[in-house]
Amino acid sequence: MTLIHEIYRRNKLLASLGTVNLIAATLLFFYSFFNKEVVLGINSMIKPIKFALSIWIYAWTMALLLFYVNDQSKVKKYAWVAIIAMGFEQFAIISQAFRGQLSHFNNSSIYGGILYALMGIFIVVLTVQTLRIAITFIRQKTYTISAPLVLSIQIGLIYFVIFSFFGGYISGVNGHTVGANDGGQGLPLINWSTMFGDLRVAHFFGIHALQIIPIFGYWVSEKYESATATKAIWVFSVIYLAYVCFTMIQALMGMPFFRVS
């Protein structure tokens, strides 16, 4: 409970956004046992559950990390953009799931197409604003935390932005499966294709650099002196980026992240 209290103390808006989505994920999970709608061969509630959990993690992470941005007025504006963008995205995803319709890549109806286009606009706006707040943090003259931890947060934010834009590429090619149509055999819950390339793998690992690299940075900064910790963060970040790029190339070649015979 101490961590939750700290998240709310640092940024109540982003903390509340995360909590609402955690509650939504829980309610949708229980409802999924009664849901009869199927989209791309799976329970239609799986997608909104995944997105709700992802937004929860994103919002609470940002609440923790953006506390170190000196200009908190910019952070507050960013939080409102996040609430509006993520709120609309969840409205679209959840409402379409209840209708048994696709939310992403939906060109089968005027309503579905408009909803998908608006989702794209909101996400682009949020991603651009994330880049702006990242630049604000990078250009700060003073910090209240150690240099290695600052570096890890900066890299995490930049990777997050890069691979958020990669999500735009996925939208541009109008599907996440390479070598087949979306749907079919996939890993439990996350549903990554086990037969063909899946661009969602690189997108997933890329955006979650927002959590993984700062966590690593916190650990090494507590364990080692500044110079050693900084080198370790750079090495880890380069290896992590290479790994994400490998999963991207793997998918583009039509190879599954994990093949199930």
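In case you missed it, the structure is sitting above this.
Residues numbered from 1 in each chain as written. Predicted model: local features only at pLDDT ≥ 70, side-chain atom pairs only at ≥ 80, totals over all residues. Heavy atoms only, no water.

## Overview of the overall build of the protein chain
Argument step 1. A tally of helices and strands in the protein chain yields nine helices and four strands.
Argument step 2. Its helices and strands taken in sequence order, the protein chain reads α-α-β-β-α-α-α-α-β-β-α-α-α from the N to the C terminus.
Argument step 3. Taking 2.2 N^0.38 as the reference for a compact globule, 261 residues should give roughly 18 Å; the C-alpha atoms of the protein chain span a radius of gyration of 19 Å, in line with that estimate.
Argument step 4. Each of the three principal axes of the protein chain carries a C-alpha extent, and together these read 55 × 35 × 30 Å.
Argument step 5. Relative to its full complement of 261 residues, the protein chain shows a buried share of 44%.
Argument step 6. Long-range pairs, those at least 24 residues apart, make up 71% of the contacts in the protein chain with a sequence separation of at least 6.
Argument step 7. Counting every atom, the protein chain has about 13500 Å² of accessible surface; 71% of that belongs to carbon and sulfur. (Helix = DSSP H or I, 4+ residues; strand = E, 2+ residues; numbered from the N terminus. Rg over C-alpha atoms; globule rule 2.2 N^0.38 Å. Buried < 20%, exposed > 50% of the residue type's maximum accessible area, 1.4 Å probe, protein only. Contact = heavy atoms within 4.5 Å. Areas by Shrake-Rupley, 256 points an atom, 1.4 Å probe, with all protein chains shown as cover.)

## Focus: the side chain of serine 164
Argument step 1. Summarising the element assignment, serine 164 is placed in helix H6 (residues 147–172).
Argument step 2. Look at serine 164 and you get buried, because its relative accessible area is 15%.
Argument step 3. If we skip the residues at most four places from it in the chain, serine 164 touches Thr127, His203 and Ile207.

## Quick word on a nonpolar patch on the surface
Argument step 1. A contiguous nonpolar surface patch, about 690 Å² in accessible area, is contributed by Phe29, Phe30, Tyr31, Phe33, Phe34 and Phe98.
Argument step 2. For the nonpolar patch, the element with the highest residue contribution is helix H2 (residues 12–32), accounting for three residues.
Argument step 3. Within the secondary structure, phenylalanine 29 sits in helix H2. (Patch = residues over 30% accessible without salt bridge, like charges linked within 9 Å, V, L, I, M, F, W, Y side chains within 5 Å. Salt bridge = Lys/Arg side-chain N within 4 Å of Asp/Glu carboxyl O.)

## Here we look at the nonpolar core
Argument step 1. Leu14, Tyr58, Met62, Leu66 and Ile153 are the most contacted members of the largest nonpolar core, which totals 54 residues.
Argument step 2. When contributions to this core are tallied by element, the ones reaching two or more residues are H2, helix H3 (46–65), helix H4 (72–99), helix H5 (110–138), H6, helix H7 (200–207), helix H8 (209–223) and helix H9 (226–252).
Argument step 3. Top element by residues in this core is H6. It accounts for eleven residues.
Argument step 4. In this structure, tyrosine 58 is in contact with Tyr78, Ala82, Met86, Leu126, Phe160, Leu210 and Gln211, ignoring residues within four places of it in sequence. (Core = buried A, V, L, I, M, F, W, Y, C linked by side-chain atoms within 4.5 Å.)

## With respect to the layout of surface pockets
Argument step 1. Considering only enclosed or pocket space, the second largest pocket measures out at about 340 Å³ in volume.
Argument step 2. Lining the second largest pocket are 17 residues, and of these Thr61, Leu64, Leu65, Pro214 and Ile215 sit closest to its centre.
Argument step 3. Taken together, the elements giving at least two residues each to the lining of the second largest pocket come down to helix H1 (2–10), H3, H6 and H8.
Argument step 4. Tallying contributions element by element places H3 first for the lining of the second largest pocket, with six residues.
Argument step 5. The class makeup of the residues in the lining of the second largest pocket is 14 nonpolar, two polar and one charged. (1 Å grid on protein atoms, 1.4 Å probe; cavity = no way out; pocket = protein on both sides within 12 Å on 5 of 7 lines; lining within 4 Å. Points joined across faces, edges and corners; volume = space filled by probe spheres on them. Nonpolar A, V, L, I, M, F, W, Y, C, P; charged D, E, K, R; others polar.)

## Description of the packing of H1 against H3
Argument step 1. Axis separation between H1 and H3 bottoms out at 8 Å; the angle between their running directions is 70°. Judged on the interaxial angle alone, H3 and H1 are roughly perpendicular. The handedness of the crossing between H1 and H3 is left-handed. The segment H1 lies against H3, with Leu3, Ile4, Glu6, Ile7 and Arg10 engaging Trp60, Ala63 and Leu64.
Argument step 2. For the contact of H1 with H3, a count of residues per class yields six nonpolar, no polar and two charged. (Axes fitted to C-alpha atoms, helices over the stretch in contact; angles between N-to-C directions. Parallel < 35°, antiparallel > 145°, perpendicular 65-115°, else oblique. Left-handed = near helix turned anticlockwise from the far one by under 90°.)

## A closer look at the environment of glycine 87
Argument step 1. Assignment of secondary structure puts glycine 87 in helix H4.
Argument step 2. Sequence spacing of glycine 87 and leucine 17 is 70 residues, and the spatial spacing of their C-alpha atoms is 8.5 Å.

## Thoughts on a positive patch on the surface
Argument step 1. Taken together, Lys74, Lys77, Arg132, Arg139 and Lys141 make up a surface patch of like positive charges.
Argument step 2. By the secondary structure assignment, arginine 139 is in the loop between H5 and H6.
Argument step 3. Looking at arginine 139, the relative accessible area reads 66%, which means it is exposed. (Lys, Arg positive; Asp, Glu negative; His and termini not counted. Charge placed at Lys NZ, Arg CZ, Asp CG, Glu CD.)

## Observations regarding the packing of H2 against H3
Argument step 1. Relative orientation of the contacting elements H2 and H3 amounts to 160°, with a least axis distance of 8 Å. With respect to their mutual orientation, H2 and H3 come out roughly antiparallel. Handedness of the H2/H3 crossing: left-handed. Together, Leu14, Ala15, Leu17, Gly18, Thr19, Asn21, Leu22, Ala25, Leu28, Phe29 and Ser32 of H2 and Pro48, Ile49, Ala52, Leu53, Ile55, Trp56, Ala59, Trp60, Met62 and Ala63 of H3 make up the contact between the two elements.

## Let's talk about the environment of tyrosine 243
Argument step 1. If you trace the backbone, tyrosine 243 turns up in helix H9.
Argument step 2. Separated by 71 residues in the primary sequence, tyrosine 243 and glycine 172 have C-alpha atoms spaced 23 Å apart.
Argument step 3. Here tyrosine 243 is in contact with Phe205 and Phe257, once residues within four sequence places are set aside.

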